[in-house]
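Chain by chain, the residues run as shown.
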Amino acid sequence: MKPLRLLSAAWSRFWFSPRSLIHITWIRILLGATALLWGLALIPDFRTFFFDGELFTRPRYSSTRIGALGYLEEDWAAVAVLGVQLTSAFLVMTGRFVRLAAPLLFYSMLSLQQDITILMNASDNLLRIWAFYFAVFAVLTPSRYLSLGPRGIKRADGTRRWPVGPAWLLRIMQIQLTIIYLDTAIEKSMGSRWHNGTAASIALGLEEFQRFYVPDFVRENVIVGNIGTWLAIGLEVTLPLLLWNKRTRLLGVVLGVGMHFAFDYAMRLGYFFPGMLIGYIAFMRPGDWQRLKELPGSLFRSVRDRPTEPEPAPLALAAPESDLTAV
Amino acid sequence: MEELGYTDDPGWFVDTRLGRVILSLLAAGAVYFLVVWNLPDSELRDQLRPGLATPIRTAGIAQDWGVFAPNPVSTSYRVVADIEFADGSSERYEFPGGDPWIGAYREFRWRKYQSRVRRDENRPRWKPTTDWIEAQYADGSVETISLVMRSKPVPEPGKNEVTEWEEEELFVARYEPDESDDADTEASG
């Protein structure tokens, strides 16, 4: 009986412990902002992609596709769905009517995506999946937790606080992010170019992905290519471990976000960087941002003080244990 | 800015036994789906996934994270169109581009389209593509449009290779000037 009770308590602690709502609030804001950009970026080509007699003939809808444009085949319906998508993204971003706006955001994105699947990449899937989880959370959560501003609640004396509330959304997102890395690492582990260390050089050489300037030697130098390849797959393998260990969690966040920033700088991957950033926010804890801001100074002091200290200070990313809640 | 220690009413879904049971079932179902759906290609996945397929695809949360896996493709692809006009002139049409900052969020869709439309399984899309390109020339003076796939192998790192673009004609559509709906077509390649 006791093991069952322990298990039940652990389960409740894992899913239902109240937490500061700072990170759910920032997930909401970033999801809304990214979805807004997603919808706005469709506008220049909207007619081409969605109107009858343009680039695409009517898509074939299988029985599992429930997007609105499968039922409403008129051009005005596509415009209306985009209008709903943009409006709901704005409302989610600004924290207004979120319980209604979040499900509408998910459904409008789903509807638009199902009409132009040939143009979609993994980042569109990721955004849609985050929108789905957030929509379920929004429907089941009191709206006062969904309308917080980016700096929390203002007290009468002018100071600010973050209320503590339900945060099971973070757990789902943490598990989803972990599974993305495990899945991609397992698939890449079967690829010869990931074994021989040329995958990064080849990916950087694909002209359809190239974005900002990358020096030629980064792509052409075998050693640099090997290091880049193995660093990327090494991180994808180790990030799940780093992120779920409370002593290395913040280091994992920094490394993971840094890796995706580098990918996004070099390659046109759509919304993959903001999408992954949304996932990483789920792994952050109160006080992390402050620690990150202090990191450069802390590293500088660590280097400066080294000769006088018998042991160097631990990496500043490892916060004092008492300051970390269980992940 | 951040402060712990203040607990508000979390709402009945988290604060009551029934609510927690419902949420627990949802959470357990989500974890089961995430694990099973993303299992490596295996007998276990083949047995467990079909039961999930309909609800997961209907909910719109089916997923596949094999980005650049198992290997990145090693050839760059572009699709362009060579257009001949009634007056004998010609022009090469390229799909819309975009700057690397904000324009990238538009352009990546066109690049994705080019990388997919070239494939043989997307042959039914070639004619609508040439029709759409023809419609971009409002004066109706287009006589033929050849859809061309351009490909260039990515040089192997460290070998100082220079590779060139190669071109393959995918499809030719002929238009009667001002009567684009009656285009004759032929597939190549």
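Structural data are supplied above this passage.
Let us look at the structure shown here.

Definitions and cut-offs
- Residues numbered from 1 in each chain as written.
- Chains lettered and ligands numbered in written order.
- Predicted model: local features only at pLDDT ≥ 70, side-chain atom pairs only at ≥ 80, totals over all residues.
- Heavy atoms only, no water.
- Patch = residues over 30% accessible without salt bridge, like charges linked within 9 Å, V, L, I, M, F, W, Y side chains within 5 Å.
- Areas by Shrake-Rupley, 256 points an atom, 1.4 Å probe, with all protein chains shown as cover.
- Salt bridge = Lys/Arg side-chain N within 4 Å of Asp/Glu carboxyl O.
- Lys, Arg positive; Asp, Glu negative; His and termini not counted.
- Charge placed at Lys NZ, Arg CZ, Asp CG, Glu CD.
- Helix = DSSP H or I, 4+ residues; strand = E, 2+ residues; numbered from the N terminus.
- Buried < 20%, exposed > 50% of the residue type's maximum accessible area, 1.4 Å probe, protein only.
- 1 Å grid on protein atoms, 1.4 Å probe; cavity = no way out; pocket = protein on both sides within 12 Å on 5 of 7 lines; lining within 4 Å.
- Points joined across faces, edges and corners; volume = space filled by probe spheres on them.
- Nonpolar A, V, L, I, M, F, W, Y, C, P; charged D, E, K, R; others polar.
- Core = buried A, V, L, I, M, F, W, Y, C linked by side-chain atoms within 4.5 Å.
- Domains from an automatic or database assignment.
- Contact = heavy atoms within 4.5 Å.
- Axes fitted to C-alpha atoms, helices over the stretch in contact; angles between N-to-C directions.
- Parallel < 35°, antiparallel > 145°, perpendicular 65-115°, else oblique.

## A word on a negative patch on the surface
Residue and element names in this part refer to chain B.
Step number 1: Negative charge collects at one region of the surface, where E84, D87, D139, E143, E176 and D178 lie side by side.
Step number 2: Mapping E143 onto the fold places it in strand β3 (residues 142–153).
Step number 3: Given the relative accessible area of 34%, E143 is considered partly exposed.

## Things to note about empty space enclosed by the protein
All names here are of chain A.
Step number 1: Across all of its chains, the model carries 1 cavity of 30 Å³ or more by this definition.
Step number 2: Approximately 60 Å³ is the volume attributed to the largest cavity.
Step number 3: Taken together, F49, F50, F51, D52, F56, T57, R58, P59 and D115 form the lining of the largest cavity.
Step number 4: Here the residues of the lining of the largest cavity are counted per class, giving 5 nonpolar, 1 polar and 3 charged.

## Here's the deal with the nonpolar core
Step number 1: Counting residues in hydrophobic clusters, the biggest one holds 138 residues, and the most contacted among them are A:F49, A:F50, A:L112, A:Y133, A:F134, B:Y113 and B:I133.
Step number 2: Examining the composition of this core, we find that 12 residues originate from one element, helix α6 (residues 122–139) of chain A, more than from any other.
Step number 3: Shared between two domains, this core takes at least three residues from each, and those domains are domain 1 (2–59) and domain 2 (75–187) of chain B.
Step number 4: Apart from the residues within four sequence positions on either side, A:F134 is in contact with A:R28, A:L31, A:V92, A:V98, A:A102, A:L146 and A:L169.

## Observations concerning a nonpolar patch on the surface
Step number 1: A cluster of nonpolar side chains, namely A:Y71, A:L72, A:W76 and A:Y107, defines an oily patch on the protein surface of about 470 Å² accessible area.
Step number 2: Its relative accessible area of 58% is what places A:Y71 among the exposed residues.

## Here we look at the packing of helix α1 (residues 2–16) of chain A against helix α2 (residues 17–37) of chain B
Step number 1: In the contact formed by α1(A) and α2(B), the axes pass within 11 Å of each other and the chain directions differ by 85 degrees. Classified by the angle between their axes, α1(A) and α2(B) sit roughly perpendicular to one another. From α1(A), A:W11, A:S12, A:W15 and A:F16 reach across to α2(B), where they touch B:R20, B:L23, B:S24, B:A27, B:A28 and B:V31.
Step number 2: Counted by class, the contact of α1(A) with α2(B) contains 7 nonpolar, 2 polar and 1 charged residues.

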